[in-house]
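Descriptive structure summary
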Amino acid sequence: MKIGIVCYPTYGGSGVVATELGKSLALNGHEVHFISYSLPVRLDFFSDKLFFHEVSVFDYPLFDHAPYETALTSKLVDVMRHEQLDLVHVHYAIPHASVAFMAREIVKSSGVYIPFITTLHGTDITLVGKNHSYEPVVTFAINESDGVTAVSADLKKNTFDHFDVHNEIEVIPNFVDLNRFSRKAKEHFRNAIAPAGEKLIVHTSNFRKVKRIDHVVQVFNEIRKTIPSKLLLIGDGPERTHIEEISRSLEACNDIRFLGKQDSIEEILSVADLFILPSASESFGLSALEAMACEVPVISSDAGGIPELNIHGITGFLSKVGDIADMAKNAVYILENEERHLQFRQNALNQARKFDLNQVVKLYEEYYLKIIAKSKKNK
Ligand code: GMT
């Protein structure tokens, strides 16, 4: 197949899923064309099946905000026509679903029908999409999509509960590359960071409010009272300064390290003992899946789709959003007993294996074929 993928190129989960999916499709022999405003961060190897089309926005003094959507639509139309795509797959509904709708209609006006699939990732539904600035457009574009997928059953339910959506939604979960994300021998790194044998607790995110990194720090502060430990915070974003301020006011300050954005997260996860994800809203929790694949148990909130991944009492524990005491108690329960910790580690890996990239990419390939066949029949 010839597939166009539209996504955000940044460290956000939707961009990571889109890029890893495209890379894997190319390895399976498909021709994949990425369309975005800059090179996706994980598009890190050369393949004669992978193409990147950069959207450049023509600016003009009249514009306070140059119209990115229009430039993206024009670029997408160009790629659809000249690369003769079979299908367009857009990740994150805003603004990609309405852009794909417009592009499909423009191409259709010259007699060619190229279907598009919208994958809902999370905040495009749960936070941003519901806002009245976007809701009518998001609803329309989801209903007009030739296919719609959501990354968890909870996100699918959320979409039907809050939008007037009558299109079918297929649940295709996030996935992990078990070759890349596996526990590797990186003891020298552990010894450098935790020379006295402290436990290593990790959180990775794009540091947005919804991730509740203030709760990560508070939970860590409690754990540290019982278990000698260090906290590694990976990533960057709008909350970082605020979290640095909170950390500096705590006794635990010297045991908290901000590592910023990292490319080789799997190396850090390889020495981690526990992962914390206390999000206020989380459609799936890709970062927790990557940790689990590296045998790291997860202490999380029970928000959104997290319970579909983190199994309470087996791979880690779930608590109500904001229940710092419960999260800390559960973390200590896992960390205080070596044998128990080992069992949680093994369970985390077993659960991660259910989200193996190769299996999930197959689900996308089957879904693509179904949507292409359906659109040919309806033509
Ligand atoms: O909000 C983010 O963390 C980024 C966001 C995105 O779409 O870029 O992530 C969402 O998509 C990920 C990949 O499907 C999911 O694993 C995350 O759970 C989801 N984030 C939220 O729902 C907050």
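Small disclaimer: the values here were computed from a predicted structure and weren't measured.

**So, the environment of S300**
Counting through the fold element by element, S300 comes out in strand β12 (residues 298-301). Taking C-alpha positions, S300 is 40 Å from A66, a pair spaced 234 residues apart along the chain. Excluding anything up to four places from it in sequence, S300 contacts L277, I306, N310, F317, L318, S319 and M327. Within the structure, S300 has its side chain in polar contact with the side chain of N310 (distance 3.0 Å).

**Some remarks on the pairing of strand β2 (residues 31-36)**
Burial runs high along β2: 6 of the 6 residues are buried. Alternating residues of β2 divide into E31, H33 and I35 and V32, F34 and S36, and every residue in both groups is buried. In this structure, strand β1 (residues 2-6) lies alongside β2, joined through 5 bridges in parallel fashion. By the bridge assignment, I3 is partnered in β2 with V32.

**What to know about the site of the ligand**
Neighbouring residues of the ligand: 19 residues in total, closest H121, N174, R208, E282 and S283. Contacts to the ligand include N174, whose side-chain N or O atom sits 2.7 Å from an oxygen atom. G285 places a polar main-chain atom, nitrogen or oxygen, 3.0 Å from an oxygen atom of the ligand. With 3 residues, the top contributor of residues to the shell around the ligand is helix α1 (residues 13-27). If you count residues domain by domain, the shell around the ligand takes at least three from each of domain 1 (2-175 + 357-378) and domain 2 (187-354).

**A short note on the pattern of salt bridges**
Counting across every chain of the model gives 28 salt bridges. A salt bridge links D161 to K157, with the shortest nitrogen-to-oxygen separation between them at 2.7 Å. With D161 and K157 both in helix α6 (residues 153-162), this residue pair falls 4 residues apart, about one helical turn. The class for D161 is partly exposed, based on a relative accessible area of 47%. A salt bridge links R190 to E187; the shortest N-O distance between them is 3.6 Å. With R190 and E187 both in helix α7 (residues 187-193) and 3 residues apart, this pair spans about one turn of that helix.

**Digging into the environment of D255**
Along the chain, D255 turns up in the loop between α9 (240-248) and β10 (256-260). When the C-alpha atoms of D255 and A303 are compared, they prove to be 28 Å apart, with 48 residues separating the residues in sequence. Aside from chain neighbours lying at most four places away, what touches D255 is F220, R224, S229, K230 and L231. Separated by 3.1 Å, the side chains of D255 and K230 make a polar contact.

**Some remarks on the packing of aromatic side chains**
Aromatic ring pairs are defined here through the distance separating the ring centres and the angle between the ring planes. A complete count under the given rule lists 8 aromatic pairs for this structure. Ring centres of Y8 and Y92 lie 5.7 Å apart, and the angle between their planes is 80 degrees; this geometry places the pair in the edge-to-face category. Here Y8 is found in the loop between β1 and α1, whereas its partner Y92 is found in the loop between β4 (87-91) and α3 (93-108), with 84 residues between them in sequence. The exposure class of Y8 is partly exposed, given its relative accessible area of 24%. Taken together, a centroid distance of 5.5 Å and an interplanar angle of 75 degrees make the contact between F284 and F355 edge-to-face. Note that F284 is positioned in the loop between β11 (274-277) and α11 (286-293) and F355 in the loop between α13 (338-352) and α14 (357-378), a separation of 71 residues in sequence. Through successive ring pairs, a cluster of aromatic residues spans F317, Y333 and F344. Above the plane of the ring of Y333 lies R340, whose end atom (NZ or CZ) is 3.8 Å from the centre.

**Notes on the packing of α3 against helix α5 (residues 135-144)**
Where α3 meets α5, the closest approach of the two axes is 9 Å, and the angle between their N-to-C directions is 55 degrees. It follows that α3 is oblique to α5 by the angle criterion. In this structure, the crossing between α3 and α5 has a hand that is left-handed. The residues of α5 that touch α3, namely those facing A93, I94, A97, S98, F101 and R104, are V137, V138, F140, A141 and E144. Of the residues belonging to the contact of α3 with α5, the class tally is 8 nonpolar, 1 polar and 2 charged.

**Concerning the packing of helix α2 (residues 68-82) against α3**
Axis separation between α2 and α3 bottoms out at 9 Å; the angle between their running directions is 50 degrees. Taken together, α2 and α3 sit at an angle that is classed as oblique. The element α2 and its partner α3 pack so that their crossing is right-handed. Residues E69, L72, T73, L76, V77, M80 and R81 of α2 pack against P95, H96, V99, A100, M102, A103, R104, I106 and V107 of α3.

**A word on the side chain of E266**
Summarising the element assignment, E266 is placed in helix α10 (residues 265-269). Classification of E266 by relative accessible area gives buried; the value is 11%. Apart from residues no more than four positions distant in its own chain, E266 is found in contact with R180, F181, K184 and C294.

Parameters at a glance
Residues numbered from 1 in each chain as written. Predicted model: local features only at pLDDT ≥ 70, side-chain atom pairs only at ≥ 80, totals over all residues. Heavy atoms only, no water. Helix = DSSP H or I, 4+ residues; strand = E, 2+ residues; numbered from the N terminus. Contact = heavy atoms within 4.5 Å. Polar contact = N/O pair within 3.5 Å; in protein donor to acceptor, adjacent residues only side chain to side chain. Buried < 20%, exposed > 50% of the residue type's maximum accessible area, 1.4 Å probe, protein only. Pairing = 2+ DSSP bridges. Near = heavy atom within 4 Å. Domains from an automatic or database assignment. Salt bridge = Lys/Arg side-chain N within 4 Å of Asp/Glu carboxyl O. Phe/Tyr/Trp six-rings, centres within 6.5 Å; stacked < 30°, edge-to-face > 60°. Lys NZ or Arg CZ within 6 Å of the ring centre and 35° of its normal. Axes fitted to C-alpha atoms, helices over the stretch in contact; angles between N-to-C directions. Parallel < 35°, antiparallel > 145°, perpendicular 65-115°, else oblique. Left-handed = near helix turned anticlockwise from the far one by under 90°. Nonpolar A, V, L, I, M, F, W, Y, C, P; charged D, E, K, R; others polar.

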